[in-house]
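Structure assessment
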Amino acid sequence: MSRSRCVALLLLVLCGAAEFAEACSCSPEHPQQAYCNADVVIKAKVVGRKEVVTGNDSYGYPIKMIQYDIKQIKMFKGPDGEIDTIFTGPTSSLCGVNLESNGKKEYLITGKMDSDGTLRINLCDYVESWESLSMTQKKIFGQHYQMGCECRVVHCPMIPCSINDPTECLWTDWVLEGTVQGTQAQHYTCIKRSDSSCAWYRGSAPPTKEFMNIEDP
């Protein structure tokens, strides 16, 4: 093989790898923002897993997906009725989410719902084991996060960073604690106040009247 053909092949491989990497390149998302952006938020156990073909692509090749059979425990956000299946990509390179399917582990799952009622999840969605969540998170998924869906949580990747609108809350876990699962992610909700601005509120109790004078973490 000529050197020029080798270079061309290498570039093709690198471009393909970059495409896969880009497909699953996700910006960190505060759990509240993940809740607000999702169509469905549930607590569930995975009781089955199988590879299925959901159709063909434009070249006629089969589109393979992983179908998880689930036992829904609680619906925090979504349609009426129970959801019993979830679909995801077949591999992590195609943004697929790997879940334990022995029915023992409980998960908090956020995802998007197709017009036909199919729930799909990928690596950019907020999917965590229930036991890994803080006690505050377990209590505020639902009502508290829903109260903050008129607000926007802005991730701060490096200093300096700031918000551009009073309806935004600055999420600084990464720059202050070196993790996106820090104090603000585990204990705070960005909630709209009576003056239409948004501010961080700590804890699982309902916001108080004094919330107007809350200090940012």
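Residues numbered from 1 in each chain as written. Predicted model: local features only at pLDDT ≥ 70, side-chain atom pairs only at ≥ 80, totals over all residues. Heavy atoms only, no water.

**Digging into the pattern of salt bridges**
The full count for this structure, using the stated rule, is five salt bridges. Between Glu106 and Lys43 there is a salt bridge, and its shortest N-O distance comes to 3.5 Å. Here the residue Glu106 occupies a position in strand 4 (residues 106-113), and Lys43 occupies one in strand 1 (residues 40-56), the gap between them amounting to 63 residues. Owing to a relative accessible area of 14%, Lys43 belongs among the buried residues under this scheme. (Salt bridge = Lys/Arg side-chain N within 4 Å of Asp/Glu carboxyl O. Helix = DSSP H or I, 4+ residues; strand = E, 2+ residues; numbered from the N terminus. Buried < 20%, exposed > 50% of the residue type's maximum accessible area, 1.4 Å probe, protein only.)

**Topic: the confidence of the model for the protein**
Scored by pLDDT, the protein comes out at a mean of 85, with 85% of its residues at no less than 70. Note on residues 1-22: pLDDT is under 50 here. Beyond four places in sequence and across chains, it has four contacts. (pLDDT = per-residue confidence, 0-100. Contact = heavy atoms within 4.5 Å.)

**Topic: unusual backbone geometry**
In the segment running from Ile159 into Pro160, the intervening peptide bond is cis, with an omega of 5°. As for its placement among the helices and strands, Pro160 is situated in the loop between strand 7 (152-155) and strand 8 (168-171). Although it is not a glycine, Cys95 adopts a positive phi angle of roughly 70°. In this fold, Cys95 is placed in the loop between strand 3 (85-88) and strand 4. A relative accessible area of 10% means that Cys95 is categorised as buried. One non-glycine residue, Ser196, lies in positive phi territory at about 75°. Within the fold, Ser196 resides in the loop between strand 9 (188-192) and strand 10 (198-202). Here Ser196 falls in the partly exposed class, since its relative accessible area comes to 39%.

**Looking at the nonpolar core**
Residues Ile70, Leu99 and Ile109 are the most contacted members of the largest nonpolar core, which totals 16 residues. Only strand 1, strand 2 (62-77) and strand 4 provide two or more residues apiece to this core. Sort the elements by how many residues they give to this core and strand 1 lands first, with four residues. The residues contacting Ile70, other than those within four sequence positions of it, are Ile42, Ala44, Lys45, Val46, Val47, Ile83, Asp84, Thr85 and Ile86. Listed in part, the 13 residues of the second largest apolar core include Tyr35, Phe76, Leu108 and Tyr126. (Core = buried A, V, L, I, M, F, W, Y, C linked by side-chain atoms within 4.5 Å.)

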